Amino acid sequence: MWRDLAPIGRDAGSRGYRRYAWTGADADCRAWFRAQAESRGLTHELDRNGNQWAWLGDPAAGDAVVTGSHLDSVPDGGAFDGPLGVVSAFAALDELRARGARLTNPLAIVNFGDEEGARFGLACVGSRLTAGQLTIEAAHKLRDGDGVTLPQAMEAAGYDPSAIGPDPERLARIGAFVELHVEQGRALDLTGDPVGIASAIWPHGRWRFDFRGEANHAGTTRLADRRDPMLTYAETVLAARREAELAGAVATFGKISVEPNGVNAIPSLVRGWLDSRAADQATLDTVVTGVEKAAREYAERHGIDLDVVRESFTPVVEFEDALRDELGAILGGAAERPVPVLGTGAGHDAGILSASIPTAMLFVRNPTGVSHSPAEYAAEDDCLAGVAALADVLEGLACR
């Protein structure tokens, strides 16, 4: 499975992945998912929001156990973020069948659409729509860098966007969702464990900072006469790092847009996107407030106009104690020591769905901690340990 999936959407230059929602690479990933489902005799289904489901058993029976993740990527992303959860789900099902396990609950594997938000700027679009956390009106307003709306992109890819929206009937059929994911950090590497259980997801969000100055000639405009928004932006980037260090949080300006974007022109507009995350809401608020306060002070000093817009936000997610403890009991029975429980600063579809259904997560060790990069990696032995752990969990939940 990994060999078949690996070439899809991989850039020959960077060696990273560019699997953006509703593009050709996304279509190839979806075709791969459907082929894997049908080769196992599973019923393939596409829901109203473009998420793919592969069912074993009757979905209408209810109390289904669902696993899976996503197949899309960030720009020049790694191979494991998302796909490891989908590949492991199919492999875990193969393992259950090899064991002769008898399912008492319906089982499904899911590929959620547009989890990374690389194209339209909002993460977890497929799961947000399903859970009713993204309104239809807001979804219709999502645009990519070329001005293409989400409905237009879906239609161009051959899908009907008219039905997108909340799907409470589907969620009502699910008794538990367990997402396996490569760890985005080094906690498991430091403890020496191949697999861990998630406790919580930090609150996080994205804020757009628009710095507006005055375009002018780079060679003839005196420094004293300039209203250069790039200076204010640069100072704000440093302020974000400082505020995050003081608070024990993280803050990153990872995307920037400049107008008119000429080498010999002073910019008229610099637009930067801030991603910030913290262990609790109060800390996150402190960081973002501090960054905005510093940005406004710099803007006033340089004669720059500033607008700040919060584009997305996800509050802290505490995974359900009962399901998390059940995973710990299932996996701890065969282990020499308790399976570690750890929090994460990365957002996931499981976090979005946690407000609607019981959810849990398994992490597979990442020896370098690198993620959202072509260097992202997990050793084969650890990936196999993750498959075994997921199979144990699915057997414990769906074979009662």
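Just so we're clear, the structure is a prediction, and the values are computed from it rather than from any experiment. (Residues numbered from 1 in each chain as written. Predicted model: local features only at pLDDT ≥ 70, side-chain atom pairs only at ≥ 80, totals over all residues. Heavy atoms only, no water.)

**Topic: the nonpolar core**
- If you look at the biggest cluster of nonpolar residues, it comprises 47 residues, and the most contacted ones within it are Trp32, Phe90, Leu327 and Leu362.
- Elements with a contribution of two residues or more to this core: helix H2 (24-39), helix H3 (83-99), strand S4 (107-112), strand S5 (174-182), strand S6 (195-201), helix H11 (321-332), strand S15 (359-364) and helix H13 (380-398).
- Setting aside chain neighbours within four positions, we find Trp32 in contact with Met1, Asp4, Leu5, Ile8, Leu71, Val86, Val87 and Phe90. (Core = buried A, V, L, I, M, F, W, Y, C linked by side-chain atoms within 4.5 Å. Buried < 20%, exposed > 50% of the residue type's maximum accessible area, 1.4 Å probe, protein only. Helix = DSSP H or I, 4+ residues; strand = E, 2+ residues; numbered from the N terminus. Contact = heavy atoms within 4.5 Å.)

**Some remarks on unusual backbone geometry**
- A cis geometry characterises the amide bond from Glu259 onward to Pro260, with omega recorded as 0°.
- Mapped onto the fold, Pro260 is located in the loop between strand S9 (250-259) and strand S10 (265-266).
- Unlike most non-glycine residues, Asp63 shows phi in positive territory, near 55°.
- Here Asp63 is to be found in the loop between strand S2 (52-56) and strand S3 (64-70).
- Given a relative accessible area of 47%, Asp63 falls into the partly exposed group.
- Here His372, not a glycine, exhibits a phi torsion of approximately 55°, which is positive.
- Structurally, His372 is set in the loop between S15 and H13.
- Owing to a relative accessible area of 38%, His372 belongs among the partly exposed residues under this scheme.

**What to know about the pairing of S3**
- For S3, a buried count of 7 out of 7 residues is recorded, marking the element as mostly surrounded by other parts of the structure.
- Here S3 runs beside S5; their pairing, made up of 4 bridges, is parallel. Considered in S5, the bridge of Val66 is made with Phe177.
- As paired strands, S3 and S4 are joined by 6 bridges and run parallel to one another. What sits directly across from Gly68, in S4, is Val110.
- The parallel pair S3 and S4, bridged by H3, forms a crossover whose chirality is right-handed. (Pairing = 2+ DSSP bridges. Right-handed = clockwise from strand over helix to strand, strands pointing away.)

**Quick notes on the pattern of salt bridges**
- Taken as a whole and assessed by the stated rule, the structure comprises 25 salt bridges.
- A salt bridge links Glu95 to Arg99; the nearest nitrogen and oxygen atoms lie 2.8 Å apart. Of the two residues, Glu95 and Arg99 both sit in helix H3, 4 residues apart, roughly one turn of that helix.
- Look at Arg99 and you get partly exposed, because its relative accessible area is 32%.
- Close ionic contact of Glu245 with Arg241 constitutes a salt bridge, the shortest N to O distance being 3.0 Å. Residue Glu245 and its partner Arg241 are both found in helix H9 (residues 229-247); the two are separated by 4 residues, about one turn of the helix. In this structure, Glu245 and Arg241 share a single accessibility class: exposed.
- Ionic contacts of the salt-bridge type, sharing partners, join the residues Glu45, Asp47, Asp167 and Arg170 into one network. (Salt bridge = Lys/Arg side-chain N within 4 Å of Asp/Glu carboxyl O.)

**As for the sheet that holds strand S11 (residues 269-277)**
- Ordered in space as S9-S11-S7-S12, the 4 strands form an open sheet in which the pairing is antiparallel. The open sheet is flanked by S9 and strand S12 (305-314), the only strands paired with a single partner. The average angle at which neighbouring strand axes cross in this sheet is 15°, direction not considered.
- Pairing of strand S7 (residues 204-212) with S12 involves 9 bridges; the strand directions are antiparallel. (Axes fitted to C-alpha atoms, helices over the stretch in contact; angles between N-to-C directions.)

**Notes on H11**
- With 12 residues, H11 should reach 16 Å at 1.5 Å per residue; the first-to-last C-alpha distance of 16 Å fits that figure.
- What H11 keeps buried is the set Leu323, Arg324, Leu327 and Leu331. Mapping the buried residues of H11 onto a view down its axis gives an arc of 100°, with all of them on the same face. Exposed and facing more than 90 degrees away from the buried side of H11 are Ala322 and Ala329. (Expected span 1.5 Å × (residues − 1). Arc of directions from axis to C-beta.)

**Considerations on the packing of H11 against H13**
- Closest axis-to-axis distance for the H11/H13 pair is 9 Å, and the angle between their directions is 115°. Judged on the interaxial angle alone, H13 and H11 are roughly perpendicular. When you trace H11 past H13, the crossing you get is right-handed. Of H13, the residues touching H11 (which contributes Leu323, Glu326, Leu327, Ile330 and Leu331) are Ala389, Asp392, Val393, Gly396 and Leu397.
- The residue inventory of the contact of H11 with H13, partitioned by class, reads 7 nonpolar, 1 polar and 2 charged. (Parallel < 35°, antiparallel > 145°, perpendicular 65-115°, else oblique. Left-handed = near helix turned anticlockwise from the far one by under 90°. Nonpolar A, V, L, I, M, F, W, Y, C, P; charged D, E, K, R; others polar.)

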